[in-house]
Amino acid sequence: MRPARPGLRDRWEAACTGQTEIECFNAWANELVETGYLHNHARMWFASIWIFTLRLPWELGADFFLRHLLDGDPASNTLGWRWVAGIQTPGKTYLARTSNISKYTEGRYAPKWLCCIN
């Protein structure tokens, strides 16, 4: 049994309802819930922020995607989340970068919280 993580439920609820302190993440969470879709880049950034910034278990993120994505496939969804987390490739995680998010959202989002891994 995994030990309880302080604040896990609060962070999970905030992530699922688009109420974190991260504007782009919130927009993507809301878009996913409202439309059942997210662009592939946004899916990777979302997963990276979920795992490495919000410190939420990848399994909960994979479940959130599978419950909301219209094109969700259990196998590719699970493998995608495991790839971002670096489970399939130890030592090689996918970290969302401010410069990448800013570039591909045409400056709409430039999250400050990612400056240290830019």
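Located above this text is the structure these notes cover.
First, a word on scope: everything that follows refers to the structure included in this document. Treat the numbers as computed from the prediction; the structure is a model and nothing was measured.

Looking at the overall build of the chain
Looking only at helices and strands, the chain features six helices and zero strands. Its C-alpha atoms give the chain a radius of gyration of 14 Å, near enough to 13 Å, the size a compact globule of 118 residues would have. Summarising its shape, the C-alpha atoms of the chain cover approximately 40 × 30 × 30 Å along the three principal directions. When the 118 residues of the chain are sorted by exposure, 41% land in the buried category. Summarising the internal contacts of the chain: among those between residues at least 6 apart in sequence, 55% fall at separations of at least 24. Surface summary for the chain: the accessible area is close to 7,100 Å², and the carbon and sulfur share equals 54%. Counting 13 positive and 11 negative side-chain charges, the chain places the centres of these two groups 9 Å from one another.

Comments concerning the side chain of R11
With respect to the helices and strands, the residue R11 is situated in helix α1 (residues 8-16). Here R11 is buried and forms no salt bridge, its nearest opposite-charge partner D10 lying at an N-O distance of 7.9 Å. Excluding its chain neighbours within four sequence positions, the residues that come into contact with R11 are P6, L54, R55 and L56.

Focus on the pattern of salt bridges
Counting across every chain of the model gives three salt bridges. A salt bridge links R9 to E13; its shortest N-O distance comes to 3.7 Å. In this pair, R9 and E13 are both assigned in helix α1, four residues apart and thus about one turn of the helix distant. Since its relative accessible area comes to 35%, E13 is described here as partly exposed. The residue R67 makes a salt bridge to D63 at a minimum N-O spacing of 2.8 Å. Within this pair, R67 and its partner D63 are both found in helix α4 (residues 58-68), separated by four residues, close to a single helical turn.

With respect to the nonpolar core
Within the largest apolar cluster, 31 residues are counted, with the highest numbers of intra-cluster contacts made by F25, W28, F46, W50, F65 and W81. Secondary-structure elements contributing two or more residues to this core are α1, α2 (23-35), α3 (40-53), α4 and α5 (74-85). The element that contributes the greatest number of residues to this core is α3, accounting for eight residues.

Overview of the packing of aromatic side chains
Within this structure, the stated rule accounts for eleven aromatic pairs. Ring centres of F65 and W81 lie 5.1 Å apart, and the angle between their planes is 80 degrees; this geometry places the pair in the edge-to-face category. Of the two residues, F65 is situated in helix α4 and W81 in helix α5; the sequence distance between them amounts to 16 residues. We note that F65, like W81, is buried. Site record: aromatic cluster; members linked through ring pairs are F25, F46, W50, F64, F65 and W81.

Rules and cut-offs
Residues numbered from 1 in each chain as written. Predicted model: local features only at pLDDT ≥ 70, side-chain atom pairs only at ≥ 80, totals over all residues. Heavy atoms only, no water. Helix = DSSP H or I, 4+ residues; strand = E, 2+ residues; numbered from the N terminus. Rg over C-alpha atoms; globule rule 2.2 N^0.38 Å. Buried < 20%, exposed > 50% of the residue type's maximum accessible area, 1.4 Å probe, protein only. Contact = heavy atoms within 4.5 Å. Areas by Shrake-Rupley, 256 points an atom, 1.4 Å probe, with all protein chains shown as cover. Lys, Arg positive; Asp, Glu negative; His and termini not counted. Charge placed at Lys NZ, Arg CZ, Asp CG, Glu CD. Salt bridge = Lys/Arg side-chain N within 4 Å of Asp/Glu carboxyl O. Core = buried A, V, L, I, M, F, W, Y, C linked by side-chain atoms within 4.5 Å. Phe/Tyr/Trp six-rings, centres within 6.5 Å; stacked < 30°, edge-to-face > 60°.

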